[in-house]
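Each chain, written out:
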Amino acid sequence: DGGITQSPKYLFRKEGQNVTLSCEQNLNHDAMYWYRQDPGQGLRLIYYSQIVNDFQKGDIAEGYSVSREKKESFPLTVTSAQKNPTAFYLCASSIDGGSGGPYNEQFFGPGTRLTVL
Amino acid sequence: QQQVKQSPQSLIVQKGGISIINCAYENTAFDYFPWYQQFPGKGPALLIAIRPDVSEKKEGRFTISFNKSAKQFSLHIMDSQPGDSATYFCAASGTASKLTFGTGTRLQVTL
């Protein structure tokens, strides 16, 4: 059963802590993405990766870090430098990130809801 | 900056009515225009997509209308149902560019 999995579904963080959100895909997609969604808001791109061992900052990368050591995995770390991390985090993947057309179509995971206590 | 402008921000439609959501883009290099549907607490899912070589694409009750000269495209939901109540995002991309999303439209279909 192919798809994107995110874990955990819910995550609680104390102020000053770093937390890591997991994203795994078995679609054999080259590109992966992390988005943040605040209540009633759109999708804001945090980081994306078009190939293993390479990633680029999105629109709101400050306070976040990522790694892409394996094609199927793209974990996101929310660091203590992120001042307002409470949000819904979405991971996505696409066949690739630059060939255009349906190759750019993104498939989303179920999301992780992060709450700062 | 590549932008996709989406309107309205929210929409209330009676059951059986037509829901219309509009998007406009700036980058003439965009060549793929998908629409995503998101239910509360879930990830967005692809609903329907269009390429600029056609002016309309229909899948069931969902239709995309595309106006290349105006750089606009819209989603029409015919015979809207309460189960269609969700947030809808338009998006656009081109060769060598990732998807750019609109800001979303929250649709509520009332009985």
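So, here's what we can say about the structure. Note that the structure is predicted; figures quoted are calculated from it, not measured.

1. Here's the deal with unusual backbone geometry
Cis geometry is adopted by the peptide bond preceding A:P8, which originates at A:S7 and carries an omega value of -10 degrees. The residue A:P8 is located in the loop between β1 (4–7) and β2 (10–13) in this model. Omega for the bond connecting B:S7 with B:P8 falls within 30 degrees of zero, at -5 degrees, which places this linkage in the cis form. Mapped onto the fold, B:P8 is located in the loop between β1 (4–7) and β2 (10–14). The phi torsion at A:N53 lies on the positive side, around 65 degrees, for a residue other than glycine. Looking at the element boundaries, A:N53 is found in the loop between β5 (43–51) and β6 (54–57).

2. Quick notes on the interface of chain A and chain B
Between chain A and chain B, the contact holds 24 residues from the first and 20 residues from the second. Across the chain A to chain B interface the summed buried area is about 1600 Å²; carbon plus sulfur atoms make up 56%. Linking chain A to chain B there are zero salt bridges. Put simply, chain A and chain B have three residue pairs in polar contact (both at pLDDT 80 or more) between them. Looking at the side of chain A that touches chain B, the elements that each hand over two or more residues are β4 (31–37), β5 and β9 (87–94) of chain A. Its residues placed into classes, the side of chain A that touches chain B shows 10 nonpolar, 11 polar and three charged.

3. So, the layout of surface pockets
Within this model, the largest pocket holds a volume of roughly 1100 Å³. Across the lining of the largest pocket, the residue classes tally to 14 nonpolar, 19 polar and eight charged.

4. Focus on the environment of B:F73
Residues and elements named next belong to chain B. Counting through the fold element by element, F73 comes out in strand β8 (residues 72–77). Separated by 23 residues in sequence, F73 and I50 place their C-alpha atoms 9.3 Å apart. With residues near it in sequence (within four places) discarded, F73 still touches V4, I21, N22, C23, Y25, F33, W35, S65, F66, C90 and A91.

Basis of the calculations
- Residues numbered from 1 in each chain as written.
- Chains lettered and ligands numbered in written order.
- Predicted model: local features only at pLDDT ≥ 70, side-chain atom pairs only at ≥ 80, totals over all residues.
- Heavy atoms only, no water.
- Helix = DSSP H or I, 4+ residues; strand = E, 2+ residues; numbered from the N terminus.
- Contact = heavy atoms within 4.5 Å.
- Buried area = accessible area lost by both parts, 1.4 Å probe.
- Salt bridge = Lys/Arg side-chain N within 4 Å of Asp/Glu carboxyl O.
- Polar contact = N/O pair within 3.5 Å; in protein donor to acceptor, adjacent residues only side chain to side chain.
- Nonpolar A, V, L, I, M, F, W, Y, C, P; charged D, E, K, R; others polar.
- 1 Å grid on protein atoms, 1.4 Å probe; cavity = no way out; pocket = protein on both sides within 12 Å on 5 of 7 lines; lining within 4 Å.
- Points joined across faces, edges and corners; volume = space filled by probe spheres on them.

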